[in-house]
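Residue-level structural notes
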Amino acid sequence: MIAAAISGLDHVALCVRDLDAAVQGYRKLLGVEPNWIGGDGGARHAWFQFPNMALDVISPHGEGAFGDRIRAHLGAHGEGIWALAFTVGRVEADLAPFARLMARRGLRMTEPALTRSTHDDGRRRYWLGSNPRPDDTGGLQVLLIAPPRDGTHWPMSKPAGPAPVTRLDHVVIQTASADRALAVWGAKLGLDLRLDRENAQWGARQMFFKAGETVVEIAASLKAPPPGIGSDAPDRFGGLAWRVADPEAARERLVAAGFDVSEVRAGRKPGTCVLTVRDAPAGVPTLLLSAEPALEKA
């Protein structure tokens, strides 16, 4: 029997110190409302749901083991992206055999366990997850999540204004070792490597992995590393690139909301447009794109 595979990006998790401020910031940035605010385990979070993934904004709150993990991460790394969570398979039962497969491939996995979130109105939701140790995934936190037990997906976040973000296009990871990244994200986690290219003009090697309807872009510098930085240095999260239907209208909305944004400019892919948000909440490097970049065919 063939074990299930990663079927998509479930969510991107951000760590912040002030949840209310971050929620207001992302509500204005994304142009949509959170569809869940709650928490458990010493943390609170807000959930923004899109068609191909969700943004989960988390902060410590009270006592609890999970909140302690978030506090430790904030103390060591500050605010920003904390984890990428991937959906495994099509049904909840797919997670356990996939976790065993990951263990056979050398990832030290936690046992599948439930995580609970209690909404402020008393409703509860559960995730079944099993996670590799960050030491085995280039120093980054990766979460492996089963699909919802009842098969019901989270409802989409409702627009909060004009020209909202429509979906995540890609997430960027910076790596000191392209070979390690290929081993972790391709050979072990099993993501689909669609493109691997070097671009001397940008000074980078770029690897594009497909996860459902989202892309994980991993970039490795072609330049000699600074003194003291070797290929065993941990990877780090880069930024998020969101898609919008109308970049000019999105820029107008962001300027009115007080964000520092660039002019709309031509994207690297012919026929696309892009703008940079220079002061996104939690310091996450953020781009807005006009269209999904088409990956080159083999």
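Preceding this section is the structure that the text describes.
All of the points below concern the structure found in this document. Residue numbers run consecutively from 1 along every chain, following the written order of its sequence. The predicted origin of the model limits local features to residues at a pLDDT of at least 70 and limits the giving and counting of side-chain atom pairs to 80 or more, whereas totals for whole chains, interfaces and linings rest on all residues. The side-chain quantities take in all heavy atoms of the structure and omit both hydrogens and water.

1. Section: the pattern of salt bridges
What counts, and what does not: Salt bridges are identified by distance alone: a Lys or Arg side-chain nitrogen within 4 Å of an Asp or Glu carboxyl oxygen. Strands here are runs of E lasting at least two residues and helices are runs of H or I lasting at least four, both read from the DSSP assignment and numbered beginning at the N terminus. Only protein chains enter the accessibility calculation, which uses a 1.4 Å probe. A residue is then buried if its area is under 20% of the maximum for its type, exposed if over 50%, and partly exposed in between.
Overall, the coordinates contain 15 salt bridges when judged by the stated rule. Note that Glu33 is salt-bridged to Arg27, the shortest N-O span being 2.9 Å. Arg116 serves as the salt-bridge partner of Asp40, at 3.1 Å between the closest nitrogen and oxygen. You can see Asp40 sitting in strand E2 (residues 36-40) and its partner Arg116 sitting in strand E6 (residues 113-119), a full 76 residues away along the chain. Given a relative accessible area of 36%, Arg116 falls into the partly exposed group.

2. Describing the environment of Ala43
What counts, and what does not: Only heavy atoms enter the contact rule, under which two residues are in contact if any of them lie within 4.5 Å.
For Ala43, the location among the structural elements is in strand E3 (residues 43-50). Each C-alpha atom of the pair Ala43 and His61 lies 4.5 Å from the other, and the pair is 18 residues apart in sequence. If we skip the residues at most four places from it in the chain, Ala43 touches Gly38, Ile58, Ser59, Pro60, His61, Phe66 and Gly67.

3. Comments concerning the pairing of strand E5 (residues 80-88)
Side-chain direction in a regular strand flips from residue to residue, so the side chains alternate between the two faces of the sheet. The following threshold applies: Strands were regarded as paired on the criterion that DSSP finds at least two bridges between them.
For E5, the tally of buried residues reaches nine of nine residues, placing the bulk of the element in the interior. With eight bridges joining them, strand E1 (residues 6-15) and E5 adopt antiparallel strand pairing. Paired with His11 across the bridge in E5 is Ala85. Where E5 lies against strand E8 (residues 141-145), five bridges are found, and the strand directions are parallel. Of the residues in E8, the one forming a bridge with Ala85 is Leu143.

4. Considerations on the layout of surface pockets
To keep it simple, the criterion reads: Every definition here rests on a 1 Å grid over the protein atoms only: cavities are sets of points where a 1.4 Å probe fits but cannot get out, pockets are open sets enclosed by protein on both sides within 12 Å along at least five of seven lines, and lining residues have some atom within 4 Å of a point. Grid points are joined across faces, edges and corners, and a volume is the space filled by probe spheres set on the points. For this classification, the nonpolar set comprises Ala, Val, Leu, Ile, Met, Phe, Trp, Tyr, Cys and Pro, the charged set comprises Asp, Glu, Lys and Arg, and every other residue, Gly included, is treated as polar.
Estimated volume of the second largest pocket: approximately 850 Å³. In terms of lining residues, the second largest pocket is bounded by 34 residues, among which Asp10, Thr87, Pro147, Pro148 and His153 are the most central. Elements supplying a minimum of two residues to the lining of the second largest pocket: E1, E3 and strand E7 (124-130). Ranked by residues supplied to the lining of the second largest pocket, first place goes to E7 with five residues. Its residues assigned to classes, the lining of the second largest pocket comprises 16 nonpolar, ten polar and eight charged.

5. Description of the sheet that holds strand E14 (residues 265-266)
Quick note on the threshold: Simply put, an axis is a line fit to the C-alpha atoms, just over the touching stretch for a helix, and the angle between two N-to-C directions goes from 0 to 180 degrees.
Pairing is mixed in the open sheet, where eight strands are placed in the order E10-E11-E12-E9-E13-E16-E15-E14. Two strands bound the open sheet, and with one partner strand each, they are strand E10 (192-199) and E14. Pairing analysis gives four bridges linking strand E13 (residues 236-244) to strand E16 (residues 286-289), with the strands arranged parallel. For Trp242, the partnering residue across the bridge sits in E16 and is Leu288. Sheet strands in contact with helix H4 (residues 178-188) are strand E9 (165-175), E10, strand E11 (204-211) and strand E12 (214-221), and its direction is about 0 degrees off that of E11.

6. Points about helix H2 (residues 65-77)
Threshold: A helix is expected to span 1.5 Å for every residue after the first. For this quantity, the arc is that covered by the directions from the helix axis to the C-beta atoms.
The terminal C-alpha atoms of H2 lie 18 Å apart, and with 13 residues this matches the ideal 18 Å at 1.5 Å per residue to within 8%. Of the positions making up H2, those classed as buried are Gly67, Ile70, His73 and Leu74. For H2, the angular spread of buried residues about the axis comes to 120 degrees, placing them on one side. Turned more than 90 degrees off the buried face of H2, the exposed positions are Ala65, Gly75 and Ala76. On its buried face, H2 sits against E1, E3, strand E4 (53-60) and E5. Gly78 lies just past H2 and shows a positive phi near 80 degrees.

Function-wise, these values are silent; they only describe arrangement.
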